[in-house]
Amino acid sequence: MGFWEQFGIWLAALFTIGIISFLYKDNVLYKACEAIFVGVSAGYWFVVYYWDMLYKKFYQQVTDPVNPEWYPWLGVILGVLMLTRLSNKIGWLSRWPLAFVVGATAGLYMMVYFVSNAIVQIQGTIVPLAEGTAGDIIANILVAAGTFCGLIYFFFSKEHRGAFGGAAKIGIWFLMITFGASFGYTVMSRMSLMIGRIDFLFGRWLELIP
Amino acid sequence: MIFGKSLYCSFIIIACFFTVATAQNEAVATVDSVGQILPQPPGNIIVADHKYDNGGIIDIAWDRSPDDPLGIDGYNIYRACGDGDFEIVAFVLPGGMESYSFIDDKVERGESYRYKISVISSGGESFSESSVSVRGDWEFFDLDKLNILILGIIVCGSVIGFIFTARAGRKLFIRKISGLEALEEAVGRATEMGRPILFIPGILDMDDVQTLAAITILARVSRIVADYDSKIEMPVSRSLVMTTARETIKNSYLAAGRPDAYYDDMVHYVTDEQFGYVAAVNGIMVRDKPATCLYLGAFFAESLILAETGNYIGAIQIAGTARPGQLPFFVAACDYTLIGEELFAASAYLSGDPKQLGSLKGQDVGKFVAMAAMIIGTLAVTVVSAWQFKFFGWLSDLMYSMFSTN
């Protein structure tokens, strides 16, 4: 193993310990790791944005010798308008690119969300409740009842009282059971991440695990 | 020896006889100029303009060659523009299917094209007849998505109707959302303790609807903060969010009549890197010890780390996200959680803005339609599967087509 590889392993090990030391309490090592992590990552993203956005999506496209594009200039104009914030006199111009981003996003995503989050879900819920094996029937009833009661919980125009409130309560039970299952699943995946770091510390760094 | 040669010749003659007889019976096998047996060409070439596109696609379908899949290498698709010559545009491998199809998306709108398909084997290449000429046309409306238009009109029409109703001064009822009731109490607690309020707007940019909802709630929170003369701290991971949040808080301080109390560093950029941001926010939490932590927006793996740290420092915590995978962590570690659409409802509820209230009420109409469709559709499908009633068959087909996304 060369010097630089060994150096990299030591650095990674020290950073891992530094970040994990936060579990005990805030300390100098954690503060140092945090500052280095934030500084390095901010610099890294600056470089990524420079090459991916300014260079690839703007410079290369507008200077293409065969087919130069004009529309990347629109993005540049909006970007320059953002910088007008630095001036008190014309700072109000920076609201235009923000309005453009927010409005364009809302418009673009409206139909996507409407189809994927509403129409497809409704279609998936329209299932026969008395067909297939006993397991299929129970599963279909649970899907239909859970979706219906869940929708009632998210109905904001009526107070959750009486039968309506009861259905909403069933809806929140469905949600909580789902959250519980999801919690357990995710915690297990986080455990595997932790095992990965411990394996690194005791295996590659200390070489206690063969 | 002579007998042997005669026998051999007889065998060849008989073999040739049977080969020719078989060819005559099937009437399809052809022999090229050098005596190779050519594969039988595909038939029934159907060429049509692709439905509901911008005119740049033509669909081609054909029946397999009788020699498919054994003994052929594949199909060549030839295209001719107008009266021009044919040229190869694609090659399709044989798969033993009864029929094949190909989507040619390299055609010019308004131009007419003819196609023919050839089948290739070791024996050579056989061509089908040329297809009829087909032109790629542009259709403005995709009638396959008419149902989405109708549903969209119902929901958007309801939203617009309710917005006008709210603007006309009619009070629109929205039920209480418990997490929001606690918002003022949480800000008040921070004021009493003399500690800041930490607002985390998630880690996505302004192009995410959850971040937009978080910024709307921020407007209300910062207004209360300005009224109470408390302090808000907002580390962000996106530069556009920083700019928008500064604008929002500035407006709130202005509306509260305290523009002098506003300063830009209330909102500060940390880094775009997810865990770099989390490390920094954790550091801020344990050092500044905010009395109230608000996590509203789009969160990923950092949700539990942040909420656990907030819990550790004893802050009152209110979270809200529409990401189902992160909600369990907020539910487990925070005092109040806005689940999914409650986050979007919260911004309308807090702002009291007619546009947002109307939008929320309109969405409720959409939910009502969804619930009604689910009940009717499920009943119809169940009855049809059990008793085959004609009317319910029609009804279930209607429901399926109403909510199909083809």
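Residues numbered from 1 in each chain as written. Chains lettered and ligands numbered in written order. Predicted model: local features only at pLDDT ≥ 70, side-chain atom pairs only at ≥ 80, totals over all residues.

Caption draft 1: Representation of the overall build of chain A in the model. Along chain A, the regular secondary structure elements total six helices and zero strands. Ordering the α and β elements of chain A from the N terminus gives α-α-α-α-α-α. A compact globule built from 210 residues should have a C-alpha radius of gyration of about 17 Å, whereas chain A, at 27 Å, is more than 25% larger. With the C-alpha coordinates aligned to their principal axes, the bounding extent of chain A is approximately 65 × 60 × 40 Å. The proportion of buried residues among the 210 residues of chain A is 14%. Taking the intrachain contacts of chain A between residues at least 6 apart in sequence as the baseline, contacts between residues at least 24 apart amount to 14%. (Helix = DSSP H or I, 4+ residues; strand = E, 2+ residues; numbered from the N terminus. Rg over C-alpha atoms; globule rule 2.2 N^0.38 Å. Buried ≥ 20, exposed ≤ 12 C-beta atoms within 10 Å, placed from the backbone. Contact = placed C-beta atoms within 7 Å.)

Caption draft 2: Region of interest: the overall build of chain B. The number of helices and strands found in chain B is eleven helices and 16 strands. The C-alpha atoms of chain B give 35 Å as radius of gyration, which overshoots the globular expectation for 406 residues (22 Å, by more than 25%). Seen along its three principal axes, the alpha-carbon backbone of chain B occupies a region of about 120 × 55 × 50 Å. The buried share among the 406 residues of chain B stands at 42%. Excluding contacts between residues fewer than 6 apart, the proportion of contacts in chain B whose partners are at least 24 apart in sequence is 68%.

Caption draft 3: Focus on the pairing of strand S6 (residues 87–92) of chain B. Residue and element names in this part refer to chain B. Examined bridge by bridge, strand S5 (residues 74–81) and S6 share five bridges and lie antiparallel to one another. Opposite Asn76, over in S6, you have Phe91 as the bridge partner. In this antiparallel pair of consecutive strands, S5 and S6, the connection spans five residues, and Gly82 shows a positive phi of 60°. (Pairing = 2+ DSSP bridges.)

Caption draft 4: Summary view of the nonpolar core. Residue and element names in this part refer to chain B. Residues Phe199, Val221, Leu294, Tyr295 and Ala346 are the most contacted members of the largest nonpolar core, which totals 105 residues. For this core, the leading source of residues is helix H4 (residues 209–228), giving ten residues. In this structure Ala346 touches Ile177, Leu180, Ile217, Gly320 and Leu338, once residues within four positions along its chain are discounted. The next biggest cluster of nonpolar side chains, apart from the first, holds 15 residues, and it includes Tyr75, Ile77, Tyr113 and Val119. (Core = buried A, V, L, I, M, F, W, Y, C linked by C-beta atoms within 7 Å.)

Caption draft 5: Representation of the interface of chain A and chain B. Across the contact, 51 residues belong to chain A and 56 residues belong to chain B. A per-element tally of the side of chain A that touches chain B places helix H4 (residues 95–125) of chain A first, with 14 residues.

Caption draft 6: Just the environment of B:Tyr269, in detail. Residues and elements named next belong to chain B. Residue placement: Tyr269 occurs in strand S13 (residues 267–269). Tyr269 sits in the partly exposed class, given 15 other C-beta atoms within 10 Å. Taking C-alpha positions, Tyr269 is 57 Å from Tyr113, a pair spaced 156 residues apart along the chain. Leave out the neighbours within four places in its chain, and Tyr269 touches Val236, Ser239 and Met242.

Caption draft 7: A look at the sheet that holds strand S12 (residues 232–236) of chain B. Residue and element names in this part refer to chain B. Pairing is parallel across the open sheet formed by six strands, whose spatial order is S13-S12-S11-S14-S15-S16. A single partner strand is all that each edge strand has here, and the edge strands are S13 and strand S16 (336–339). With strand direction ignored, the average angle separating the axes of adjacent strands in the sheet is 15°. By the bridge criterion, four bridges tie strand S15 (residues 316–321) to S16 in an arrangement that is parallel. Looking across to S16, one finds that Ala319 is bridged to Thr337. Running at roughly 165° to strand S11 (residues 197–202), H4 makes contact with S11, S12, strand S14 (292–298) and S15 of the sheet. Across the face of the sheet, helix H5 (residues 239–255) comes into contact with S11, S12 and S13 while running at roughly 170° to S13. (Axes fitted to C-alpha atoms, helices over the stretch in contact; angles between N-to-C directions.)

Caption draft 8: Molecular detail of helix H3 (residues 72–83) of chain A. End to end, H3(A) covers 17 Å across twelve residues, agreeing with the expected 16 Å (1.5 Å per residue, within 8%). Taken across its twelve residues, H3(A) has zero buried, putting it largely on the surface. (Expected span 1.5 Å × (residues − 1).)

Caption draft 9: Local environment of the pairing of S5(B). Bridge analysis of S5(B) against strand S8 (residues 112–121) of chain B gives eight bridges, and the strand direction is antiparallel. Among the inter-strand pairings, B:Cys81 is bridged to a residue of S8(B), identified as B:Tyr113.

Caption draft 10: Just the domain arrangement of chain B, in detail. You can read the domains of chain B as domain 1 (30–135) and domain 2 (172–352). Between the C-alpha centres of domain 1 of chain B and domain 2 of chain B there is a distance of 61 Å. (Domains from an automatic or database assignment.)

Caption draft 11: Region of interest: the sheet that holds strand S3 (residues 43–49) of chain B. Residues and elements named next belong to chain B. An order of S3-S4-S7 is seen for the three strands of this open sheet, with the pairing classed as antiparallel. Of all the strands in the sheet, the pair left with one neighbour each is S3 and strand S7 (99–104). On average, adjacent strands in this sheet sit at an angle of 15° to one another, irrespective of strand direction.

Caption draft 12: Examining the packing of helix H3 (residues 178–193) of chain B against H4(B) more closely. All names here are of chain B. Axis separation between H3 and H4 bottoms out at 10 Å; the angle between their running directions is 40°. Of the two possible hands of crossing, H3 and H4 adopt the one that is right-handed. Contacts from Leu183, Glu184, Val187, Gly188 and Thr191 of H3 reach H4 at Val221, Ile224, Val225 and Tyr228. Grouping the amino acids of the contact of H3 with H4 by side-chain chemistry returns six nonpolar, two polar and one charged. (Left-handed = near helix turned anticlockwise from the far one by under 90°. Nonpolar A, V, L, I, M, F, W, Y, C, P; charged D, E, K, R; others polar.)

Caption draft 13: Seen up close, unusual backbone geometry. Of note in this structure, A:Glu207 is not a glycine but carries a positive phi near 55°. You can see A:Glu207 is positioned in the segment after helix H6 (162–205). Among the residues examined, A:Glu207 registers 9 C-beta atoms within 10 Å and is labelled exposed. In this structure, B:Asn44 takes a positive phi of about 55° despite not being glycine. C-beta crowding within 10 Å serves as the criterion here: with 11 such atoms nearby, B:Asn44 is assigned to the exposed category.

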